[in-house]
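# Observations on the three-dimensional arrangement
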Amino acid sequence: MSKQLPPAEGAADSGDGDSGGALPTASAAAKRLLRPYGDTTGDGMVQLSFTLPMPHSKIVEGAAVQLANKMGMDPALVVHAKAMGPDFTFFVVYGRVNHLVDPSVVEVVERDYELLTPKEVNAAIKRALRRRMVVVGGCIGTDAHTVGIDAILNIKGFAGEKGLEYYRELKVVNLGAQVSVPQLVERAVEEKADAVLVSQVVTQRDAHLLNTREMSAAFREAFPPARRPLLVVGGPRFDETMAADLGVDRVFTRGTTPGEVASYLVHRVVTEKMSA
């Protein structure tokens, strides 16, 4: 569910977009607009890092400042420059921006389900399904980064919470790394999966988005709508608001814990089954 954030409590503004450090205008104060903070409140200072495809030199440092200026940083100062091989240079630029942000128009995906304890998750599944809920997970495509999926599925878990393998009423099938979409679909069919969890860390050329769309299309082709497993993806570069566009039921981003995922599965699989 998408939701706009309320105006930040106590947020102060240092002026409008063109007034530098002037006193707040009436309209800006009413909206509680925010200016970035660097050294002192309201100074508009930000830090930016990027790489330019050019060997390190004074010329490319000047190009980095020019880029920062075009992005709205003025003045901009190169505080770090390091050669990345013979043909690239990595930069950290520090400078001032005049742009303001309005928290009242920010759209986020709010959690629309209750957080449950492992005991509550197990009880809800046992009561509603009268069997174990089956969860199949893995990293698809060429992605070999299993840290994310293991943090959610493996019993060792993440952030002080045990993974889904810890839950008595969950049967977890972790396929690991570099699973092809056909293999994932085949295993989901074989296991009669209630939910499929996919982690994507590799993002070059939007690989995570392409792989996710391929996966969702394959599941819709293989299953009738009423029998399709719940499709959940996660990774550091996903946008939570893109679930519908990607064809999945939920997108989880950085910092998601096993308990959040387990509670969501109960909310969608168990709660919806009971209300059907």
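Below: a short report on this structure. (Residues numbered from 1 in each chain as written. Predicted model: local features only at pLDDT ≥ 70, side-chain atom pairs only at ≥ 80, totals over all residues. Heavy atoms only, no water.)

## Some thoughts on the environment of Val136
Basically, it comes down to this: Working definition: helices are DSSP H or I runs of at least four residues, strands are E runs of at least two. Numbering for both runs from the N terminus. Any residue under 20% of the maximum accessible area for its type is buried, any over 50% is exposed, and the rest in between are partly exposed; the area is computed with a 1.4 Å probe on protein chains only. The contact rule is simple, with two residues in contact once any of their heavy atoms fall within 4.5 Å.
Among the secondary structure elements, Val136 is positioned in strand E6 (residues 133–139). Under the relative-accessibility criterion, Val136 is labelled buried at 0%. C-alpha separation for the pair Val136 and Leu231, spaced 95 residues apart in sequence, amounts to 10.0 Å. The contact partners of Val136, leaving out residues within four places of it in the chain, are Val173, Leu175, Leu184, Ala188, Glu191, Ala193, Ala195, Val196 and Leu197.

## Let's talk about the sheet that holds strand E7 (residues 170–174)
To be explicit about the condition: For two strands to be treated as a pair, DSSP must find at least two bridges joining them. Only C-alpha atoms enter the line fits that serve as axes; for helices the fit covers just the stretch in contact. Angles between N-to-C directions range over 0 to 180 degrees.
Read from one edge to the other, the open sheet built from five strands follows the order E7-E6-E8-E9-E10, with strand pairing classed as parallel. The open sheet has two edge strands with one neighbour each: E7 and strand E10 (250–252). The sheet shows a mean angle of 20° between the axes of neighbouring strands, taken without regard to direction. Together, strand E8 (195–199) and strand E9 (230–234) form the strand contacts of helix H6 (residues 207–222), whose direction differs from that of E9 by roughly 170°.

## Looking at the environment of Gly72
Structurally, Gly72 can be placed in the loop between helix H2 (58–70) and strand E3 (73–83). For the pair Gly72 and Gly95, spaced 23 residues apart in the sequence, the C-alpha separation amounts to 9.2 Å. Apart from the residues within four sequence positions on either side, Gly72 is in contact with Arg96, Val97, Asn98 and His99.

## Some points on unusual backbone geometry
The omega torsion across Asp74 and Pro75 is 0°, close enough to zero to call that bond cis. Turning to its location among the elements, Pro75 is positioned in strand E3. Backbone geometry at Ala159 places phi at a positive 55°, although glycine is not the residue there. For Ala159, the position within the fold is in the loop between helix H4 (147–153) and E7. The phi dihedral of Gln178 is positive, around 50°, even though this residue is not glycine.

## A few points about the pairing of E6
The condition is simple: If you view a crossover with the strands going away from you and the path from the first strand over the helix to the second runs clockwise, you call it right-handed.
Across the seven residues that make up E6, a large majority, seven, are buried. Across the two faces of E6 the burial is the same, with Met133, Val135, Gly137 and Cys139 and Val134, Val136 and Gly138 all buried. In this view, the connection linking E6 to its parallel neighbour E7 by way of H4 has right-handed handedness.

## Topic: the sheet that holds strand E4 (residues 89–97)
Taking strand neighbours across the sheet as the criterion, the three strands line up as E2-E4-E3 in an open arrangement whose pairing is antiparallel. A strand with exactly one partner marks an edge of an open sheet, and here the two such strands are strand E2 (45–52) and E3. If you compare each strand with its neighbour and ignore which way they point, the axes differ by 25° on average. Strands in contact with H2 are E2, E3 and E4; relative to E3, the strand with the most contacts, it is inclined by about 140°.

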